Amino acid sequence: MKKITMYSGDPCPYCNAAKALLKTKNVEIEEFDIWKDPAKAKEMLQRTNGARTIPQIFFDDQHVGGYDDVRALEKENKLQDLLK
């Protein structure tokens, strides 16, 4: 399984939805709250080429995007394969 990294914040319903979806795939998520850790917010901006919305999700070093992107992958039956 790939390492899942998610930059999030609280409160964030999209972050919660992304976590819930990914947990159905039995993966561990390394989560960083960008509101509590400004260094992680800066890191997120660098890794995403400036994306400011949360969540921002990575599978290993591959930027997947946010909740809508992960949900689209699930609907297309591609999410499980990307997680391998």
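Everything here concerns the structure above.
Residues numbered from 1 in each chain as written. Predicted model: local features only at pLDDT ≥ 70, side-chain atom pairs only at ≥ 80, totals over all residues. Heavy atoms only, no water.

Novice: Is there a simple way to explain the overall build of the protein in this structure?
Specialist: Within the protein one finds four helices and four strands. Listing each helix as α and each strand as β along the protein from the N terminus yields β-α-β-α-β-β-α-α. Here the protein has a C-alpha radius of gyration of 12 Å; the compact-globule value for 84 residues is 12 Å, and the two agree. Expressed as lengths along the three principal axes of its C-alpha atoms, the size of the protein is roughly 35 × 25 × 20 Å. Within the protein, buried positions represent 42% of all 84 residues. Within the protein, contacts between residues at least 6 apart in sequence are counted, and of these 60% link residues at least 24 apart. (Helix = DSSP H or I, 4+ residues; strand = E, 2+ residues; numbered from the N terminus. Rg over C-alpha atoms; globule rule 2.2 N^0.38 Å. Buried < 20%, exposed > 50% of the residue type's maximum accessible area, 1.4 Å probe, protein only. Contact = heavy atoms within 4.5 Å.)

Novice: Would you take a moment to explain the state of the cysteines for this structure?
Specialist: As used in these notes, a disulfide is a covalent bond between sulfur atoms, one from each of two cysteines. Counted under the stated rule, the structure contains one disulfide. The residue that forms a disulfide with C12 is C15, at a sulfur-sulfur distance of 2.4 Å. Looking down the S-S bond of the C12 and C15 bridge, the torsion is 75 degrees, so its handedness is right-handed. Pair check on accessibility: C12 and C15 agree, each one buried. (Disulfide = S-S within 2.5 Å.)

Novice: Explanation requested: helix α1 (residues 13-23) in the structure shown.
Specialist: One full turn of an α-helix is made of 3.6 residues, so residues set three or four places apart face in the same direction. Taken as a whole, α1 has its buried residues at C15, A18, K19, L21 and L22. Relative to the axis of α1, the buried residues are bounded by an arc of 165 degrees and lie together on one face. Looking at α1, the residues exposed on the side facing more than 90 degrees away from the buried face are P13 and K23. In this structure, the buried side of α1 is in contact with β1 (4-8), β2 (29-33), β3 (56-59), α3 (67-75) and α4 (79-83). (Arc of directions from axis to C-beta.)

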